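Observations on the three-dimensional arrangement
Listed here are the chains, written in short residue letters.
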Amino acid sequence: MKTLIRDVTILTMNDEAPFVGDILIDEERITNIQAEVIADADEVIKATGMVAMPGLINAHQHTPMSLLRGFSDDLKLMDWLDKKMLPAEARMTPEDIYWGAKLSMAEMIRSGTTTFADMYIHMNEVAFAAEEVGMRASLTRGLVFLADDGGKRMGEALDLINRWTGKAEGRITTMLGPHSPYTCPKEPFKEVIALAEKLKMPIHTHLAETKEEVIKIREKYNQTPAEFLYNIGLFERTHALLAHSVHLNSHDIGLLKGMKGGVSHNPVSNLKLGCGIAPVLDMIEQGITVGLGTDGAGSATTVDMFEEIKAATWLQKLDHGDPTRLPASQALLMATRESAKLLNIHDEVGTLEIGKKADIILIDIRKPHLQPIHHIESLMAYSVNGGDVDTTIVNGKTLMRGRQLLTIDEEELFKQVSCRSKRITEGV
Ligand SMILES: CSC[C@H]1O[C@@H](n2cnc3c(O)ncnc32)[C@H](O)[C@@H]1O
Ligand SMILES: [Zn+2]
């Protein structure tokens, strides 16, 4: 199957200026991209007045938490998590997880995200949903070792890896997921790292999200959370995806320097939970890869990556009192190429290039809030919102066209979500 996208403004995110041209997709890959492509195609998408860019990559999600959107707002993180999220999650069945994940996927496809990194429970169901819906995903069974040794959860983590790595036409990859320094004590955390090293698996974890976490880890280990992870060998032994990394001092940042992987910055969740502002520019200056994610809809409330792009740039400008910091082009890179590095899939996605997988979004800029056009990158970072995405293509397959979802029955989805979310949250 060949698809030709015609007469579109192309933003490759590969250090070149935007240009008007055509993109040819053959099966799952981009096979030509230039000013004019002469080729036969099974489908021609006339994209005059649209911008093509790489699909956005959400580097930190908990997809099924979309069932908990708006259920518990305006609380501190530990109250929100312990008193609201965990009790509600304890009631979730595998079917709930499937529908919650699908709701997130519908929102992500509608707002231009083509890939997500997910950490949650009952991850088989998330994998089924991703396989069916057509998104690209890096899936992780979250591991918490507080009340017991977490043996059952480790079994589920390994089962997920064995069943799903490389499946769904290669769209699914997997990681190991010790949840955080405050929910995974030293010995089990070290065991997960050893396993990750043996299996050559990346690790997805949370780091230094709140001041309370820093205090807890200081009391328990007399270390900062970053020192704790450094001292148990995480940064030298495996590729690691660190969500948040808000409370890092300059010594901590030095410890992350040279690590494989990097940090998912999740500014909307950090803002809403009042966690603080991550030292994004200091990390980037030290050569640390910083991508972008939303965190779950239970905290961020939406999973529209265009909101994260805006929040990321605004926060750094505000924090440094300098509007020149974290410009539009850099924020867009964080949501595409840099997030792809965090998921270790940058050979395949994150930029528009011949030979890469065809994960492409088309944004309709024939709208009042997107005119006139001075700088395409500024327009994409500061003016576009998720609702402007017209077409979403993953692995060469069109998942949304003219804002119609092609792989999800939304009517059925909303019915399922409505009754399931009521049951899960009742009385919590
Ligand atoms: C064990 S599966 C993942 C686990 O993470 C919880 N979670 C969601 N958002 C956050 C966050 O911002 N910080 C810490 N933990 C978070 C989620 O509720 C699941 O229990
Ligand atoms: Zn999270």
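On a predicted model such as this, the values are computed, not experimentally measured, just so you know. (Residues numbered from 1 in each chain as written. Chains lettered and ligands numbered in written order. Predicted model: local features only at pLDDT ≥ 70, side-chain atom pairs only at ≥ 80, totals over all residues.)

Focus on the domain arrangement of the chain
Note: interface size is frequently given as the accessible area lost on complex formation between the parts. Going by this rule: The domain boundaries here were taken from an automatic or database domain assignment. A residue pair is marked as a contact if its C-beta atoms, positioned from the backbone, fall within 7 Å. What counts as a helix is a DSSP run of H or I of at least four residues, what counts as a strand is a run of E of at least two, and both are numbered from the N terminus. Residues are grouped as follows: Ala, Val, Leu, Ile, Met, Phe, Trp, Tyr, Cys and Pro are nonpolar; Asp, Glu, Lys and Arg are charged; all remaining types, including Gly, are polar.
Segmentation of the chain into domains returns domain 1 (2-54 + 357-405) and domain 2 (56-342). Residue-level contacts link 21 residues of domain 1 with 24 residues of domain 2. Listed by contribution, the elements that provide at least two residues to the side of domain 1 that touches domain 2 are helix H15 (376-383), strand S15 (389-394) and strand S16 (397-401). Counting residues per element, the side of domain 1 that touches domain 2 draws most heavily on H15, at 5 residues. Classifying every residue of the side of domain 1 that touches domain 2 gives 12 nonpolar, 5 polar and 4 charged.

Topic: the UniProt feature "domain: Amidohydrolase-related" (unreviewed entry) in the chain
Here is the rule: UniProt positions are given in the numbering used here, feature names are shortened, and annotations may be inferred rather than shown by experiment.
Per the UniProt entry, the sites bearing "domain: Amidohydrolase-related" (unreviewed entry) are residues 52-398 in this numbering. Helix makes up 44% of residues 52-398 and strand makes up 18%, while its end C-alpha atoms are separated by 14 Å.

A look at unusual backbone geometry
Between Gln371 and Pro372 the backbone carries a cis peptide bond, its omega angle lying at -5 degrees. Here Pro372 shows up in the loop between strand S14 (360-364) and H15. For Glu169, which is not glycine, the phi torsion reads 55 degrees and is therefore positive. On the secondary structure map, Glu169 appears in the loop between helix H4 (151-164) and strand S9 (172-178).

Structural notes on the nonpolar core
The nonpolar side chains of soluble globular proteins are, as a tendency, buried together. For the record, the criterion: What makes a nonpolar core is a set of buried Ala, Val, Leu, Ile, Met, Phe, Trp, Tyr and Cys residues, with links drawn between C-beta atoms within 7 Å. Exposed residues have 12 or fewer other C-beta atoms within 10 Å of their own C-beta, buried residues have 20 or more, and partly exposed residues fall in between, where C-beta atoms are placed from the backbone.
Residues Ile23, Val51 and Ala52 are the most contacted members of the largest nonpolar core, which totals 136 residues. Ranked by the residues each element gives to this core, the list is headed by helix H2 (residues 94-110), at 9 residues. Excluding anything up to four places from it in sequence, Val51 contacts Val8, Thr9, Leu11, Ile363, Ile365, Ile376 and Met380.

Here's the deal with the packing of helix H14 (residues 328-342) against H15
Here is the rule: Think of each axis as a best-fit line through the C-alpha atoms, taken over the contacting stretch in the case of a helix, with angles from 0 to 180 degrees between the N-to-C directions. An angle below 35 degrees is read as roughly parallel, one above 145 as roughly antiparallel, one from 65 to 115 as roughly perpendicular, and any other as oblique. Crossing handedness follows the turn of the near helix against the far one: under a right angle anticlockwise gives a left-handed crossing, and clockwise gives a right-handed one.
Where H14 contacts H15, the axes come no closer than 8 Å and their chain directions differ by 65 degrees. For the element pair H14 / H15, the angle class is roughly perpendicular. Both H14 and H15 take part in a crossing whose hand is left-handed. Here Ala328, Ser329, Ala331 and Leu332 of H14 lie close against H15, whose contacting residues are Glu377, Ser378, Met380, Ala381 and Tyr382. Of the residues in the contact of H14 with H15, the class split is 6 nonpolar, 2 polar and 1 charged.

Some remarks on the site of ligand 1
Cut-off, in case you're wondering: Residues are classed as near a molecule or strand if the C-beta position derived from their backbone is within 6 Å of it.
Ligand 1 sits among 17 residues. The nearest are His62, Met85, Tyr120, Gly142 and Gly296. The biggest single contributor to the shell around ligand 1 is helix H1 (residues 77-90), with 4 residues.

Considerations on the UniProt feature "binding site: substrate" (unreviewed entry) in the chain
Summarizing the sequence annotation, UniProt attributes the feature "binding site: substrate" (unreviewed entry) to Glu89, Arg141, His179, Glu209 and Asp295 in the numbering used throughout. Relative to the helices and strands, Glu89 is located in helix H1. Topologically, His179 is positioned in the loop between S9 and helix H5 (186-199). Here His179 is in contact with Gly142, Leu143, Val144, Cys184, Thr205 and His206, once residues within four sequence places are set aside.

Focus on the packing of H2 against helix H3 (residues 123-133)
Axis separation between H2 and H3 bottoms out at 8 Å; the angle between their running directions is 40 degrees. If you check the angle between H2 and H3, you find them oblique. Note on packing geometry: the crossing formed by H2 with H3 is right-handed. Residues Pro94, Ile97, Tyr98, Ala101, Lys102 and Met105 of H2 form the contact with H3, whose participating residues are Glu125, Val126, Phe128, Ala129, Ala130 and Val133. Residue composition of the contact of H2 with H3, grouped by class: 10 nonpolar, no polar and 2 charged.

Section: the confidence of the model for the chain
Basically, it comes down to this: Every residue carries a pLDDT, the predictor's confidence in it, which falls somewhere between 0 and 100.
Confidence in the prediction of the chain, expressed as mean pLDDT, is 97, and 100% of residues score 70 or more. Scoring of the predicted complex yields 0.98 for pTM and 0.99 for ipTM.

With respect to helix H6 (residues 211-221)
Put simply, the test is: Here the arc refers to the set of directions running from the helix axis out to each C-beta atom.
By the burial criterion, the buried members of H6 are Glu213, Val214 and Ile217. Burial along H6 is one-sided: seen end-on, the buried residues are contained in an arc of 100 degrees. Of the exposed residues in H6, the ones pointing more than 90 degrees away from its buried face are Ile215 and Glu219. Tucked inside the fold, the buried residues of H6 contact helix H7 (225-231). Phi for Asn222, located one or two positions after H6, is positive at around 55 degrees.

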